[in-house]
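Fold and geometry: a report
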Amino acid sequence: MTPDRSSQDSGGEPLARSVMIAGEMLNWSDLHPEDGEPATGGPVPSALLDAILRPEDTVLVAGPHSLEVLSLIAKRVTKLDVLVRSAPDAEEIADQLDGHPVRVFCGSLDHFAPEHGEPAYDVVVALDGLPRLVGPDTIALTWSDALEALKARLAPKGRLLVAAANPFGVERLVLPGVTATVPRDEAWPRDIRGSVEAPAGLKAVQAALGDNATAYAVYPSLVDAKVALVDAGDALAGAVAARSVAERFAGPTLMDPYRVVQDAFAAGLGAELAAGWYFAIGSTDLPGVLGEVPQGPGVLLEEELLAALRIDDHAALRRTVPGYVAWLRSLDAEAAAVASPDNVLVDGTAYKVFADSNGVAGAGDALVVGQLARFVRRSLEAASREPWAGSPRDLTARLAAMAGITVTEELWATVADSNEPAAPAGHAEQLATIARLTQELADASAQASWFESQLDGIRRSRPYRIGQAVLNPARVVVKRVRRTTGR
């Protein structure tokens, strides 16, 4: 085993170095892929590693992880080995971690024999999952075999961090991969008898890992985790996850990403529909939440208002809207600007801002109407049931009237984006909106037909015909008098 490159400290000991072990890919990069996912990184894996690592640990990082994550580990532990399949990545990692006791092994997992690296590691990290641990030279390697190969390198009381992608995550509902059948550069032939893809579904992966594995539901994706949760039933955590998914899928979608995640958490399916999962084996006293999730009692005001709209609970709306507006008016302009219904927690009659958010422009009644208009727009984008027909302005005016505010032309003109149509967020919401508008049009047409039939009946009635007979001569006299007098 000869290092391709190394640097030495003043005592002559090699620090960062890279070693070829077979199965390496010479013209390939997982750190900078052209048509694939980037390496795993971000604050969430870093937070998990902070909770796991100890200064005396020897660590193996298997698979592509961002340079920031690798640097964090190298600074925290006694010794670090890295296994990647890309030769350019191995060189870059060795260069970036030069000055730390790091060895970079370049090749595939099936060639990473016990004579490579440490015989046993305190911690093995594979937060990118297992598929990118092999290249085209490895025709057959099952996920179970790859997992056992990593477990075999653990010390008796070692800790394993491994990730698994969810093949039926929330992205399948909001934005299916229409190019999934188009071959990518990494879609090389494999043996049908084995694949490094994880078993389908959370229960299947948990059964393979055992009962002592702590599972985190990860949103919005494994390579860009914004939040990871042990308990995926918490409503506030669901709001954070929904925001992260909505940011990731900001373009045209099949369904509104925000509402899909919110509804999934409400139905207890937050873990099953996550983009993927982190599993920690052999560790205790782990944090239940990775990422920034505000804590405290209450629910989002938007959810409370939407629930009232769905069941036509006008009494709840007339209680909630004035209370929210009164609280909003008690805030300074900067605080009120970010206190939109989708960013405010309500607990009875107590309100507080949920998290950082984009503000709404305006002051006084203009700011209040702007916040109500934002809620109306979001409800229309989600195709929520509306108890009243009308434009966004009409709906906003109804809510504002509950707080004693009249939405005039001048006031409405000050609301940002007041003239922009409230387009449904997803294709499903578009269809629901079309169905709602069709029903409203049918109801209006039925009412018009009924009024026409009533009017026709009046015209045919005897009193109406007698009245017409009496009034017609009088009309003739009046017209003649006007012509004569010139009036």
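Here is what the cut-offs are and how they apply
- Each chain has its residues counted from 1, running along the sequence as written.
- A pLDDT threshold of at least 70 governs which residues receive local features in this predicted model, and a stricter bar of 80 or more applies before side-chain atom pairs are shown or counted, although totals over entire chains, interfaces and linings include all residues.
- Hydrogens and waters are ignored; side-chain quantities use all the structure's heavy atoms.
- Simply put, an axis is a line fit to the C-alpha atoms, just over the touching stretch for a helix, and the angle between two N-to-C directions goes from 0 to 180 degrees.
- We count a stretch as a helix when DSSP gives it H or I for four or more residues in a row; a strand needs E for two or more, and each element gets its number in order from the N terminus.
- By the definition adopted for this analysis, an angle is roughly parallel if under 35 degrees, roughly antiparallel if over 145, roughly perpendicular if from 65 to 115, and oblique otherwise.
- Crossing chirality is assigned from the near helix's rotation relative to the far helix, an anticlockwise turn below a right angle marking it left-handed and a clockwise turn marking it right-handed.
- Here a residue-residue contact requires only that any non-hydrogen atoms of the pair lie within 4.5 Å.
- Amino acids outside the nonpolar list (Ala, Val, Leu, Ile, Met, Phe, Trp, Tyr, Cys, Pro) and the charged list (Asp, Glu, Lys, Arg) are all regarded as polar, and Gly is one of them.
- Definitions used for this entry: grid spacing 1 Å over protein atoms alone; cavity, a set of points where a 1.4 Å probe fits but cannot get out; pocket, an open set with protein on both sides within 12 Å along at least 5 of 7 lines; lining residue, one with an atom within 4 Å of a point.
- Grid points are joined across faces, edges and corners, and a volume is the space filled by probe spheres set on the points.
- Any two strands with at least two DSSP-identified bridges between them are counted as paired.
- In this analysis, a patch consists of residues with relative accessible area above 30% that form no salt bridge, clustered at 9 Å for like charges and at 5 Å for the nonpolar side chains Val, Leu, Ile, Met, Phe, Trp and Tyr.
- Only the protein chains shown count as cover for residues, and the accessible areas themselves come from Shrake-Rupley with a 1.4 Å probe.
- Any carboxyl oxygen of Asp or Glu that lies within 4 Å of a side-chain nitrogen of Lys or Arg is treated as forming a salt bridge with it.
- Throughout, exposure labels follow a simple rule: accessible area from a 1.4 Å probe, protein chains only, divided by the maximum for the residue type, with under 20% read as buried, over 50% as exposed, and the rest as partly exposed.
- Throughout this description, a polar contact denotes any pair of N or O atoms lying within 3.5 Å of each other; where both atoms belong to protein, one of them has to be capable of donating a hydrogen while the other can accept it, and for residues adjacent in sequence the pair is counted only when both atoms sit in side chains.
- Across the chain, each position has a pLDDT score giving the predictor's confidence in that residue, from 0 to 100.
- By arc we mean the arc of the directions from the helix axis to the C-beta atoms, nothing more.
- Orient the strands so they point away from the viewer; a crossover is then right-handed if the path from the first strand over the helix to the second runs clockwise.

Examining the packing of helix α9 (residues 301-310) against helix α10 (residues 314-329)
The N-to-C vectors of α9 and α10 enclose an angle of 155 degrees; their axes lie 9 Å apart at closest approach. Between α9 and α10, the angle is such that the two are roughly antiparallel. Remark: the crossing between α9 and α10 carries left-handed chirality. The segment α9 lies against α10, with L301, E304, L305, A308 and L309 engaging A316, L317, T320, V321 and Y324. Considered class by class, the residues forming the contact of α9 with α10 number eight nonpolar, one polar and one charged.

Some points on empty space enclosed by the protein
The final tally for this structure, using the stated rule, is one cavity of 30 Å³ or more. What the largest cavity holds in volume is close to 40 Å³. Every residue along the wall of the largest cavity is listed here: L309, F375, V376, S379, E386, W388, L395 and L399. Taken together, the elements giving at least two residues each to the lining of the largest cavity come down to α12 (365-381) and α13 (392-402).

A short note on the sheet that holds strand β14 (residues 350-353)
Ordered in space as β12-β13-β14, the three strands form an open sheet in which the pairing is antiparallel. The strands lining the two open edges of the sheet, one partner per strand, are β12 (299-300) and β14.

What to know about a nonpolar patch on the surface
A cluster of nonpolar residues, L455, I458 and Y464, forms a patch on the protein surface that exposes about 250 Å² of accessible area. Here I458 lies in helix α15 (residues 427-460). Here I458 falls in the partly exposed class, since its relative accessible area comes to 47%.

Some details on the side chain of S340
Looking at the element boundaries, S340 is found in the loop between α11 (333-337) and β13 (344-347). The buried category is assigned to S340, whose relative accessible area is 1%. At a separation of 2.9 Å, a polar atom in the side chain of S340 contacts the side chain of D342. Every residue in contact with S340, bar those within four places of it in the chain, is listed here: Y324, Q371 and R374.

Focus: the side chain of Q371
Along the polypeptide, Q371 turns up in helix α12. If near-sequence neighbours (up to four positions away) are discounted, Q371 is found in contact with Y324, L328, A336, A337, V338, A339, S340, P341 and V360.

Observations concerning the confidence of the model for the protein
The share of residues in the protein with pLDDT of 70 or more is 88%, and the mean pLDDT across the chain is 83. Confidence over residues 5-14 falls short of pLDDT 50; this stretch has 19 contacts with residues more than four positions distant or in other chains.

Considering helix α3 (residues 87-96)
Listed in full, the buried residues belonging to α3 are A87, D89, A90, I93 and A94. Seen from one end, α3 has its buried residues packed into an arc of 155 degrees, which puts them on one side. Of the residues flanking the start of α3, the one acting as N-cap is S86, its side-chain oxygen 3.2 Å from the backbone nitrogen of D89.

Some remarks on the pairing of strand β3 (residues 58-62)
Of all five residues making up β3, five are buried, and the element is well covered by its neighbours. Burial along β3 is two-sided: T58, L60 and A62 and V59 and V61, pointing in opposite directions, are all buried. In terms of strand pairing, β3 meets strand β4 (residues 79-84) through five bridges, oriented parallel. Note that in β4 the partner of V61 across the bridge is V82. Remark: the β3/helix α2 (residues 67-76)/β4 crossover connection has right-handed handedness.

Focus on unusual backbone geometry
Peptide bonds are, in most cases, trans, and in most cases residues other than glycine have a negative phi. The amide bond that connects Y219 to the next residue, P220, takes the cis arrangement and shows omega of -5 degrees. For A22, which is not glycine, the phi dihedral falls at a positive 100 degrees. Secondary-structure assignment places A22 in strand β2 (residues 14-22). Assessed through its relative accessible area of 29%, A22 is described here as partly exposed. Residue D312 is not a glycine yet carries a positive backbone phi of 55 degrees. Assignment of secondary structure puts D312 in the loop between α9 and α10.

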